Amino acid sequence: MNKKIFIASDHAGYEMKTKLNEYFNSFIDLGTNSFDSVDYPDFAHKLTKEVLKNKKNVGILICGTGVGMSIAANRDPKIRAALAFNSKIAELVRQHNDANILVLPGRFIDIHEAIKCVDNFLKTKFEGGRHQKRINKI
Ligand code: RB5
């Protein structure tokens, strides 16, 4: 099965999600689909369910701060959802943490930084080695 890239947001991340979809045009969008107020855990759980169907899958979650989505997504032991607010962090969460979900703070970074974050997250490989040992301890 091929790697799938899922994206979801609440209302606070809707604008950024729309712009990322326009730019990358390759993600499976799980909503939300408007600025109407919704509850971020509903979208975090919808996305983690899809990501966990295949080891290769990854996800992108966006809420206002990125914190709510991170907390909700990380309730599943197989999820490593990492909040990144610049592109270097987005690179490191792959290299060191083998993050399978990138979380972005829609209200606190601009779209240019968000695009660089997604780019780095998608192209960076996990380094393994000492980092794998640490992940095993989680
Ligand atoms: C929505 O107003 C906001 O609380 C949510 O997007 C997120 O920032 C929660 O962590």
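An account of the accompanying structure is given in this report. A quick note: this is a predicted structure, and the numbers were derived from the prediction, not measured.

Quick look at the site of the ligand now. Around the ligand sit D10, H11, A12, Y40, C63, G64, T65, G68 and R107, and that is every residue in its neighbourhood. One of the backbone N or O atoms of T65 is found 2.9 Å from an oxygen atom in the ligand. Protein chains bury 70% of the 290 Å² of accessible surface belonging to the ligand in isolation. Taken together, the residues of the shell around the ligand break down into three nonpolar, four polar and two charged.

We now examine the sheet that holds strand β5 (residues 101-105). Read from one edge of the open sheet, five strands run β2-β1-β3-β5-β4, paired in parallel fashion. The open sheet is flanked by β2 (28-29) and β4 (81-83), the only strands paired with a single partner. Two strands pair when backbone bridges link them, and β4 and β5 are joined in this way by three bridges, in the parallel orientation. Each residue of the ladder has a partner; that of A82, found in β5, is L102.

A separate point is helix α1 (residues 14-24). Every buried residue of α1 is accounted for by Y14, M16, K17, L20, N21 and F24. Seen from one end, α1 has its buried residues packed into an arc of 160°, which puts them on one side. Every exposed residue of α1 that faces more than 90 degrees away from the buried side is listed here: E22 and Y23. On its buried side, α1 packs onto β1 (5-9), β2, β3 (58-63), β5 and α5 (111-123). Taken from the residues just after α1, N25 is the one with a positive phi, measuring 55°.

Conventions we followed
Residues numbered from 1 in each chain as written. Predicted model: local features only at pLDDT ≥ 70, side-chain atom pairs only at ≥ 80, totals over all residues. Heavy atoms only, no water. Near = heavy atom within 4 Å. Polar contact = N/O pair within 3.5 Å; in protein donor to acceptor, adjacent residues only side chain to side chain. Areas by Shrake-Rupley, 256 points an atom, 1.4 Å probe, with all protein chains shown as cover. Nonpolar A, V, L, I, M, F, W, Y, C, P; charged D, E, K, R; others polar. Pairing = 2+ DSSP bridges. Helix = DSSP H or I, 4+ residues; strand = E, 2+ residues; numbered from the N terminus. Buried < 20%, exposed > 50% of the residue type's maximum accessible area, 1.4 Å probe, protein only. Arc of directions from axis to C-beta. Contact = heavy atoms within 4.5 Å.

These figures come from the coordinates and say nothing about function on their own.
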